Amino acid sequence: MKINLRPIFFISLTLIFIFFLGSGIAFGYAGDFHFHLASSPMAEIIESLAGDTISGENLGETCNQTVIKKLDEAGLERAFVLSFAYIFGMPGLENPQEYPDVKKENNFLAMAAAKEPDRLIGFFSVNPLKPYALLEMSRCVKLLNLPGLKVHFTNSD
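Owing to the predicted nature of the structure, the values given are computational and were not obtained by experimental measurement. (Residues numbered from 1 in each chain as written. Predicted model: local features only at pLDDT ≥ 70, side-chain atom pairs only at ≥ 80, totals over all residues. Heavy atoms only, no water.)

**What to know about helix H5 (residues 133–142)**
As a reminder, the rule being used: Only protein chains enter the accessibility calculation, which uses a 1.4 Å probe; a residue whose area is less than 20% of its type maximum is buried, one above 50% is exposed, and one in between is partly exposed. Strands are runs of DSSP state E lasting at least 2 residues, helices are runs of H or I lasting at least 4, and numbering of each runs from the N terminus. Relevant arc is that of directions from the helix axis to the C-beta atoms, nothing else. Working rule for contacts: check all heavy atoms of both residues, and any pair within 4.5 Å makes them a contact.
The complete set of buried residues in H5 reads Ala133, Glu136, Met137, Arg139 and Cys140. Each buried residue of H5 sits inside an arc of 165° when the element is viewed along its axis, so together they form one side. Across from the buried face of H5, at angles greater than 90 degrees, the exposed residues are Leu134, Leu135 and Lys142. Of the surrounding secondary structure, the elements contacted by the buried residues of H5 are helix H4 (98–115), strand S3 (120–125) and strand S4 (148–150).

Quick look at the structure:
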């Protein structure tokens, strides 16, 4: 019986890397620093969906300058910026312009991330169950140069 050691080697290597990364021994400390960017129309939708759960002032547009300011205040080098476009595909949210609105929101994110390429890493979003999902994923990676996808399982149902 021949045992293939290759998968065992790579699994072991991965576990060692995770241990060192998590402990901070070899690489220092890491964290998940992300912000959701929102265009003005998206901010209005989020406020209406959230109702009284948002306290005080209006949410308003969240753009690259807002994120850079927060990063500087916290002493952080860079952050993931995530699109709220998946909300347009949320079950129960009727929108005849759904796909064009998803595209606009992902475009908003791409433009913001492109203004600060050394500090902001853009993740587009889409409801993966929608008929346009694969087309939008391809568009965001190839045309908008966005390296990541934000999937929100609850909102995608």
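**Observations concerning the packing of aromatic side chains**
Short version of the rule: In this scheme Phe, Tyr and Trp rings, the latter by its six-membered ring, pair at centre separations within 6.5 Å, and the angle between planes marks the pair as stacked below 30 degrees, edge-to-face above 60, and tilted otherwise.
Summed over the entire model, instances satisfying the criterion amount to 3 aromatic pairs. Plain terms: the ring middles of Phe80 and Phe123 are 5.1 Å apart, the flat faces sit at 70° to each other, and that makes the pair edge-to-face. Placement of the pair is Phe80 in strand S2 (residues 79–83) and Phe123 in strand S3, with a sequence separation of 43 residues. Aromatic side chains Tyr99 and Tyr132 sit 4.5 Å apart centroid to centroid with 20° between the ring planes, which places their arrangement in the stacked category. Of the two residues, Tyr99 is situated in helix H4 and Tyr132 in the loop between S3 and H5; the sequence distance between them amounts to 33 residues. Summarising the burial analysis for this pair, Tyr99 and Tyr132 share the class buried.

**Remarks on the nonpolar core**
Condition: The definition of a nonpolar core used throughout is a set of buried Ala, Val, Leu, Ile, Met, Phe, Trp, Tyr and Cys residues joined through side-chain atoms within 4.5 Å.
Judged by nonpolar contacts, the single largest core of 30 residues is most densely connected at Leu37, Met42, Val81, Phe84, Val102 and Leu120. Mapped onto this core, the elements with two or more residues apiece are helix H2 (40–50), helix H3 (64–74), S2, H4, S3 and H5.

**So, the pattern of salt bridges**
Selection rule: Definition used for salt bridges: Asp or Glu carboxyl oxygen within 4 Å of a side-chain nitrogen of Lys or Arg.
Throughout the structure, instances matching the rule amount to 5 salt bridges. The closest approach of N and O atoms between Glu77 and Arg78, which form a salt bridge, is 3.1 Å. Arg78 sits in the partly exposed class, given a relative accessible area of 45%. Arg139 is the partner of Glu136 in a salt bridge, and the nearest nitrogen-oxygen pair spans 2.7 Å. With a gap of 3 residues between them, Glu136 and Arg139 both fall in helix H5, about one helical turn apart. In this structure Glu136 comes out as buried when scored by relative accessible area, which is 0%.

**Description of the side chain of Lys150**
Looking at where Lys150 falls in the secondary structure, it is placed in strand S4. Those residues within four positions of Lys150 in sequence are excluded, and the remaining contacts are His36, Leu82, Ser83, Tyr86, Phe123, Phe124, Ser125 and Val126.

**Details of the packing of H4 against H5**
When two helices pack together, their arrangement is captured by the angle between the axes and the distance separating the axes. This is how the line gets drawn: For helices, the fitted axis covers only the stretch in contact; all axes are lines through C-alpha atoms, and the angles between them, taken along N-to-C directions, range from 0 to 180 degrees. Angular relationships are summarised with four words: roughly parallel below 35 degrees, roughly antiparallel beyond 145, roughly perpendicular across 65 to 115, and oblique for the angles in between. Take the far helix as your reference; a near helix turned counterclockwise from it by less than a right angle gives a left-handed crossing, and one turned clockwise gives a right-handed crossing. Gly falls in the polar group here, along with every residue not listed as nonpolar (Ala, Val, Leu, Ile, Met, Phe, Trp, Tyr, Cys, Pro) or charged (Asp, Glu, Lys, Arg).
Orientation of H4 relative to H5, taken along the N-to-C sense of each, is 25°, at an axis distance of 11 Å. Considering the angle they form, H4 stands roughly parallel to H5. Seen along the crossing, H4 lies across H5 with a hand that is right-handed. Of the residues in H5, those touching H4 at Tyr99, Val102, Lys103, Asn106 and Asn107 are Leu135, Glu136, Arg139 and Cys140. Residue composition of the contact of H4 with H5, grouped by class: 4 nonpolar, 2 polar and 3 charged.

**Comments concerning H2**
Listed in full, the buried residues belonging to H2 are Met42, Ala43 and Ile46. Along the long axis of H2, the arc covered by the buried residues comes to 100°, so they all point the same way. For H2, exposure combined with an orientation more than 90 degrees from the buried face picks out Pro41, Glu44 and Ser48. Elements in contact with the buried residues of H2: H4.

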